[in-house]
Amino acid sequence: MNHKAGSKGTAVVTGASSGIGMVYAQRLAKQGYDLLLVARRLGRLAERARQLSSRYRISANYLSADLTRTSDLERVMKVLAEDSTITALINNAGVATLSGFNDAELSKHQTMNALNVEALVRLSYAILPVFKRKNHGTLVNISSVLSLHAYPISSVYSGTKAYVSNFTRGLQEEVAGTNVRVQLVLPGATDTEIWDIAGVPASHLPVGTVMTAEDVVDAALSGLEQGETITMPSVEDVGLLQAYEAAREKLFRASQSARPASRYRIS
Ligand SMILES: NC(=O)c1ccc[n+]([C@@H]2O[C@H](COP(=O)([O-])OP(=O)(O)OC[C@H]3O[C@@H](n4cnc5c(N)ncnc54)[C@H](OP(=O)(O)O)[C@@H]3O)[C@@H](O)[C@H]2O)c1
C-alpha cells in the first residue's frame, strides 16, 4: 500500500466483512491503526473501509480475497511480506459446518481445514519474519472454546481450532523474550453470521450463553493490553484456564519416559 501509516501502523484483519472481524476493524481504527480489511465480499469491505476512514481519520484499504484459494492467499501473503507499515495481523477469518461428520459434504470439511488452518498458518508464515526482523508486531489468532472440546457435530471444526490453539502455543514459545506479541483468543458462542452459515442459528442456543461480537473483541483487546497470551472472554474464573494449562504441561512432562507405564507391562 502506498500510504503513510499512522503511529500505530497498519492492522490487517481477515474476515473483516462481518462479525468479530468487523468489530476488530472498528476498534482498531478507533485506537488509531490504519487498516487493511480482507474477506471475499468486496462491497461490504469497501463500505466498511469508507466509513471507518472518514469516522476515525485513518487510512483504510481493503483486499477482496478468497483465502481458501491459493492464488488469493498468495496475494495476501505478498502484501504481508512487503508492506512495511503492517504492525498487526488479526487472523480471524473462519467458517464452521456443524453436522455429523459423514452428514456433511467432504468439501465442507476441506473448506474448514483450508480457511481455519491452512490460511491462518500461511498468513502467520508471511508476517512473522517481518515482525521478528523489526522485533515489533502483534499476531492475534482467533481459535475457539471448541478447541478444548468436541461435540458429535463439531469434530472437524473443533479439530481445526485445536490446531490453531496448539500452533499458536508453539509460536508463542518461539517469540518468547522478544517484543513480538502472539495472542491466542478463544471466544465462546458469539452472535454472528457464522451460526446461520453453520446450520445452527445462534437463536437456538441456550439463553445466556451467547456473547456479542463487541464484548468478545473488547475483552480480547483488554487481554492483549494486559499481556495475556491466552484470552477466554467468557470464562469468569481465570484460575480454571491456569489449572488447565498447568495440567496439560504436567501431563506432557509425565509422558517423557522410555518405559511403558506399569499398567501396560506384562508381569
Ligand atoms: N461466532 C462464534 O460463536 C465463534 C466462536 C468461537 C470462535 N469463532 C471464530 O471467530 C472467527 C470469526 O467468525 P465470526 O463468528 O465473526 O463469523 P462471521 O460473522 O461468519 O465472519 C467470518 C468472516 O470470515 C470471512 N470468510 C469466510 N470465508 C472466507 C474465505 N473463504 N476467504 C476469506 N474470508 C472468508 C467472512 O467474509 P466473506 O464471507 O465476505 O468472505 C467473514 O468476514 C472465526 O475464526 C470463528 O471460527 C466464532
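Residues numbered from 1 in each chain as written. Predicted model: local features only at pLDDT ≥ 70, side-chain atom pairs only at ≥ 80, totals over all residues. Heavy atoms only, no water.

**Q** A description of the packing of helix α1 (residues 19–30) against helix α7 (residues 213–225) should follow, citing residues and the corresponding values.
**A** Two elements in contact, α1 and α7, have axes whose closest approach is 9 Å; the angle formed by their N-to-C orientations is 55°. Classed by the angle they form, the pair α1 and α7 counts as oblique. The two elements α1 and α7 cross, and the hand of that crossing is right-handed. Within the contact between the two elements, α1 uses Gly 19, Ile 20, Val 23, Tyr 24, Arg 27 and Leu 28 and α7 uses Ala 213, Glu 214, Val 216, Val 217, Asp 218, Ala 220 and Leu 221. Partitioned by chemical class, the residues of the contact of α1 with α7 number nine nonpolar, one polar and three charged. (Axes fitted to C-alpha atoms, helices over the stretch in contact; angles between N-to-C directions. Helix = DSSP H or I, 4+ residues; strand = E, 2+ residues; numbered from the N terminus. Parallel < 35°, antiparallel > 145°, perpendicular 65-115°, else oblique. Left-handed = near helix turned anticlockwise from the far one by under 90°. Contact = heavy atoms within 4.5 Å. Nonpolar A, V, L, I, M, F, W, Y, C, P; charged D, E, K, R; others polar.)

**Q** Break down the pattern of salt bridges for me, with residues and values.
**A** Applying the stated rule across the entire model yields eleven salt bridges. Between Arg 50 and Glu 47 there is a salt bridge, with its nearest N and O atoms 3.0 Å apart. Highlighted residues: Arg 50 and Glu 47, both in helix α2 (residues 42–56), separated by three residues, approximately one helical turn. Between Arg 122 and Glu 74 there is a salt bridge, and its shortest N-O distance comes to 3.3 Å. Of the two residues, Arg 122 sits in helix α4 (residues 106–134) while Glu 74 sits in helix α3 (residues 70–82), which places them 48 residues apart along the sequence. Given a relative accessible area of 41%, Glu 74 falls into the partly exposed group. Several salt bridges share partner residues, and in doing so they unite Arg 41, Arg 44 and Glu 193 into one network. (Salt bridge = Lys/Arg side-chain N within 4 Å of Asp/Glu carboxyl O. Buried < 20%, exposed > 50% of the residue type's maximum accessible area, 1.4 Å probe, protein only.)

**Q** Account for α7, naming residues and giving values.
**A** Over its 13 residues, α7 extends 18 Å from the first C-alpha to the last, a length consistent with the 18 Å expected when each residue adds 1.5 Å. On the buried face of α7, the contacting elements are α1, β5 (137–142), β6 (180–185) and β7 (230–231). Two residues or fewer past α7, Gly 227 is found with a positive phi of approximately 85°. (Expected span 1.5 Å × (residues − 1).)

**Q** Tell me what's going on with the nonpolar core, and back it up with residues and numbers.
**A** Counting residues in each nonpolar core, the largest one holds 45 residues, and the members touching the most others are Val 38, Leu 67, Val 76, Leu 80, Leu 123, Ile 127 and Leu 139. Elements represented by at least two residues in this core include exactly β2 (34–39), α3, β4 (86–91), α4, α5 (155–175), β6 and α6 (194–198). For this core, the leading source of residues is α4, giving ten residues. Setting aside residues up to four positions removed in sequence, Leu 123 forms contacts with Thr 14, Leu 67, Leu 73, Val 76, Met 77, Leu 80, Leu 89 and Asn 91. (Core = buried A, V, L, I, M, F, W, Y, C linked by side-chain atoms within 4.5 Å.)

**Q** Run through the site of the ligand, naming residues and quoting values.
**A** Near the ligand, the surroundings consist of 31 residues, among which Ser 18, Arg 40, Tyr 157, Thr 190 and Thr 192 are the closest. One of the backbone nitrogen or oxygen atoms of Ile 20 is found 2.8 Å away from an oxygen atom of the ligand. For the ligand, a nitrogen atom lies 2.8 Å from a polar atom in the backbone of Leu 67. In the complex, 96% of the free accessible area of the ligand, which totals 880 Å², lies under the protein chains. It is α6 that provides the largest number of residues to the shell around the ligand, a total of three residues. Looking at the shell around the ligand, its residues break down into 14 nonpolar, twelve polar and five charged. (Near = heavy atom within 4 Å. Polar contact = N/O pair within 3.5 Å; in protein donor to acceptor, adjacent residues only side chain to side chain. Areas by Shrake-Rupley, 256 points an atom, 1.4 Å probe, with all protein chains shown as cover.)

**Q** Go over the packing of aromatic side chains with me, naming the residues and quoting the values.
**A** Under the definition given, this model contains one aromatic pair. A ring pair is formed by Tyr 163 and Phe 167, whose centres lie 6.1 Å apart and whose planes are at 40°; its orientation type is tilted. Placement of both Tyr 163 and Phe 167 in helix α5 is noted, with a separation of four residues, approximately one turn of the helix. On the basis of relative accessible area, Tyr 163 is assigned to the partly exposed category, the value being 42%. (Phe/Tyr/Trp six-rings, centres within 6.5 Å; stacked < 30°, edge-to-face > 60°.)

**Q** Pulling in residues and values, what's your account of the sheet that holds strand β3 (residues 60–64)?
**A** Strand pairing in a sheet takes place through backbone hydrogen bonds and is either antiparallel or parallel in direction. The parallel open sheet is built from seven strands, whose spatial order is β3-β2-β1-β4-β5-β6-β7. Whereas interior strands pair on both sides, the edge strands pair on one side only; in this sheet they are β3 and β7. (Pairing = 2+ DSSP bridges.)

**Q** Tell me what's going on with the environment of Lys 108, and back it up with residues and numbers.
**A** Tracing the sequence through the fold places Lys 108 in helix α4. Looking at Lys 108, the relative accessible area reads 44%, which means it is partly exposed.

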